[in-house]
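# Residue-level structural notes
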Amino acid sequence: INGKLKSVPLSYVHDWSHPKDAKRATAAIGKQFNLTAEGIASMKMNWISATEPKDLRFPVKGGLNVSRDLGCNALKNYIPEHPAISSEPKITCEDIDDGDFIILCCDGLKDYFPEKGIVETIKTTGQFSEIPSALAQAALNHMSEPQIDRFGEVENGYGDNVTVIGCRVHFKHP
């Protein structure tokens, strides 16, 4: 913006720690497993306060750690009248200027590579065309470093897929 690098997230992670999503999921789980109202409330509070929301899983085969999905009707109706996930999109609008740079990426970049690292990588990468691959590589390098898990134990790296697309805005003026 005005020649300065600024990160403006256009979305945020919807996981089971978000209060609205935790309420929806724990109600569905409570119905499925015949939990008491107190049990559901306790589960909801545990999910909202989770330090590692990516570890929360809705109890279906393999576990599900996202709370929104545009294409999975089976889970939307997994427990009749208690949808486990929502397909309601969040729409964000931002003004853009000629010359702005937009990064479209998956959670593999945003969840595992700090925002400060993303901005620094963009600043230090010479060519515009090299920014997406530089960001993806930086995220993968960060994922492979040993990390301390929520129990204080050292994990030898973890990972996710990383997809990054870079777009530069150019307006055609009549």
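Residues numbered from 1 in each chain as written. Predicted model: local features only at pLDDT ≥ 70, side-chain atom pairs only at ≥ 80, totals over all residues. Heavy atoms only, no water.

### Considerations on the pattern of salt bridges
- Within the structure shown, the criterion is met by one salt bridge.
- A salt bridge links Asp21 to Arg24; its shortest N-O distance comes to 3.0 Å. With a gap of three residues between them, Asp21 and Arg24 both fall in helix H1 (residues 19-33), about one helical turn apart.
- For Arg24, a relative accessible area of 15% translates into the label buried. (Salt bridge = Lys/Arg side-chain N within 4 Å of Asp/Glu carboxyl O. Helix = DSSP H or I, 4+ residues; strand = E, 2+ residues; numbered from the N terminus. Buried < 20%, exposed > 50% of the residue type's maximum accessible area, 1.4 Å probe, protein only.)

### Points about the packing of aromatic side chains
- If you walk through the whole model with that rule in mind, you get one aromatic pair.
- A ring pair is formed by Phe101 and Phe128, whose centres lie 4.9 Å apart and whose planes are at 85 degrees; its orientation type is edge-to-face. Taken as a pair, Phe101 in strand E1 (residues 101-105) and Phe128 in the loop between helix H5 (115-124) and helix H6 (131-144) lie far apart in primary sequence, 27 residues in all.
- Looking at Phe101, the relative accessible area reads 22%, which means it is partly exposed.
- Using a relative accessible area of 29% as the deciding quantity, one classes Phe128 as partly exposed. (Phe/Tyr/Trp six-rings, centres within 6.5 Å; stacked < 30°, edge-to-face > 60°.)

### Thoughts on H6
- Over its 14 residues, H6 runs 20 Å from end to end, which matches the ideal 20 Å to within 8%, given 1.5 Å per residue.
- Those residues of H6 not exposed but buried are Ile131, Pro132, Leu135, Ala136, Ala138, Ala139 and Met143. Around the axis of H6, the buried residues are gathered within 160 degrees of arc, so they sit on the same side.
- Contacts from the buried residues of H6 go to E1, helix H4 (107-110), H5 and strand E4 (164-168). (Expected span 1.5 Å × (residues − 1). Arc of directions from axis to C-beta. Contact = heavy atoms within 4.5 Å.)

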